[in-house]
Amino acid sequence: MHKPRWWAELSLVAVVYAAYSGGRLLVRGDETSAVAHGLAVLRFEEGLGIDAEHPLNRLFTDVPALGIPADFAYASLHYLVTPAVLVWLFRRRTAHYRAARTWLMLSTLLGLVGFTLLPTCPPRLLGAAHGFTDTMAHFSAYGWWGGEASAPRGLGGLTNQYAAMPSLHVGWALWCGVLLWRYGRTPLTKALGVAYPLVTALVVMGTANHYLLDAVAGAAVMGAGLLLAPYALRLADRIGGRAEASPVVSGGWETSAGERIPGQRSVPDTADDKQATPR
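What counts and how
- Residues numbered from 1 in each chain as written.
- Predicted model: local features only at pLDDT ≥ 70, side-chain atom pairs only at ≥ 80, totals over all residues.
- Heavy atoms only, no water.
- Phe/Tyr/Trp six-rings, centres within 6.5 Å; stacked < 30°, edge-to-face > 60°.
- Helix = DSSP H or I, 4+ residues; strand = E, 2+ residues; numbered from the N terminus.
- Buried < 20%, exposed > 50% of the residue type's maximum accessible area, 1.4 Å probe, protein only.
- Axes fitted to C-alpha atoms, helices over the stretch in contact; angles between N-to-C directions.
- Parallel < 35°, antiparallel > 145°, perpendicular 65-115°, else oblique.
- Contact = heavy atoms within 4.5 Å.
- Nonpolar A, V, L, I, M, F, W, Y, C, P; charged D, E, K, R; others polar.
- 1 Å grid on protein atoms, 1.4 Å probe; cavity = no way out; pocket = protein on both sides within 12 Å on 5 of 7 lines; lining within 4 Å.
- Points joined across faces, edges and corners; volume = space filled by probe spheres on them.

Caption draft 1: Structural context of the packing of aromatic side chains. Taken as a whole and assessed by the stated rule, the structure comprises three aromatic pairs. Residues Phe-72 and Trp-144 carry aromatic rings whose centres are separated by 5.5 Å and whose planes lie at 70° to one another, so their mutual orientation is edge-to-face. Remark: Trp-144 occurs in the loop between helix H6 (135-138) and helix H7 (168-183) and Phe-72 occurs in helix H4 (residues 64-92); sequence separation between them is 72 residues. Judged by its relative accessible area of 37%, Trp-144 is partly exposed.

Caption draft 2: Looking closely at the packing of H4 against helix H5 (residues 94-117). Here H4 crosses H5 at 150°, and the two axes come no closer than 6 Å. Taken together, the axes of H4 and H5 lie roughly antiparallel to each other. Contact residues: Thr-82, Leu-86, Leu-89, Phe-90, Arg-91 and Arg-92 in H4; Thr-94, Tyr-97, Ala-100, Arg-101 and Leu-104 in H5. Split into classes, the residues belonging to the contact of H4 with H5 amount to six nonpolar, two polar and three charged.

Caption draft 3: Expanded view of empty space enclosed by the protein. Per the counting criterion, the structure on display carries one cavity of 30 Å³ or more. Roughly 90 Å³ of volume is contained in the largest cavity. If you trace the largest cavity, you find it lined by Ala-73, Tyr-74, Leu-77, His-78, His-169, Ala-173, Tyr-196, Val-199, Thr-200, Val-203 and Val-204. Where the lining of the largest cavity is concerned, the elements lending two or more residues are H4, H7 and helix H8 (187-206). With five residues, the top contributor of residues to the lining of the largest cavity is H8. Counted by class, the lining of the largest cavity contains eight nonpolar, three polar and no charged residues.

Limitation: the analysis is restricted to geometry and does not speak to function.
Okay, structure coming up:
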């Protein structure tokens, strides 16, 4: 197997991420259905007694020492840690890079399907009667973001605020955690592999950006991507093998014995041929 070329990989990742980001904006659902879906998720959790986002959000709001770092983590780590793990795999764990990259891309595209089919309002956008505080808006004076998700001030229109289900913050963090645990060689790396997805799950709920079930759905999407990745790799290998196969110039046709292509010179190969050659 050939080592992946960095420029080809960078182009592929950029194209897939651009398609994902563009698709995420195009599939924005209407506010009414998104709020209805968000309330349905919340009521389902409350019925089961698993609405962990409520106490976490109150804690992060009341304790700035937790809320402010959580806001920074939500606004940045998603876009920093995942590429860093990709680069680490490419440089240090090359044999595992292609499978990991395929897993991440498939899961991301599956997440886009979720945003399309189930636009969901995050807790922070529900009415005040539901008891949630948008910590990023509450502590916006400390960061570069405004009151519209984690986008920089003035760029809130470039994000889909109803893409809560599934949580790819949690999904991507889980991907990073599994790979750090699986291929890391030091106790610190493995500890980070465990801590990062767990902390991310707490952050997305404490900042009121996701429900607990969003986090569960993010993990489920990653599981589906992991199951589909081997099939995608085999298909890519099959297509790549066909593309690399040397073409048959004659198109599969062969000349019969003694038949020549027009203009072809005769080359005597046997003693009889040599005797038959005029002198």
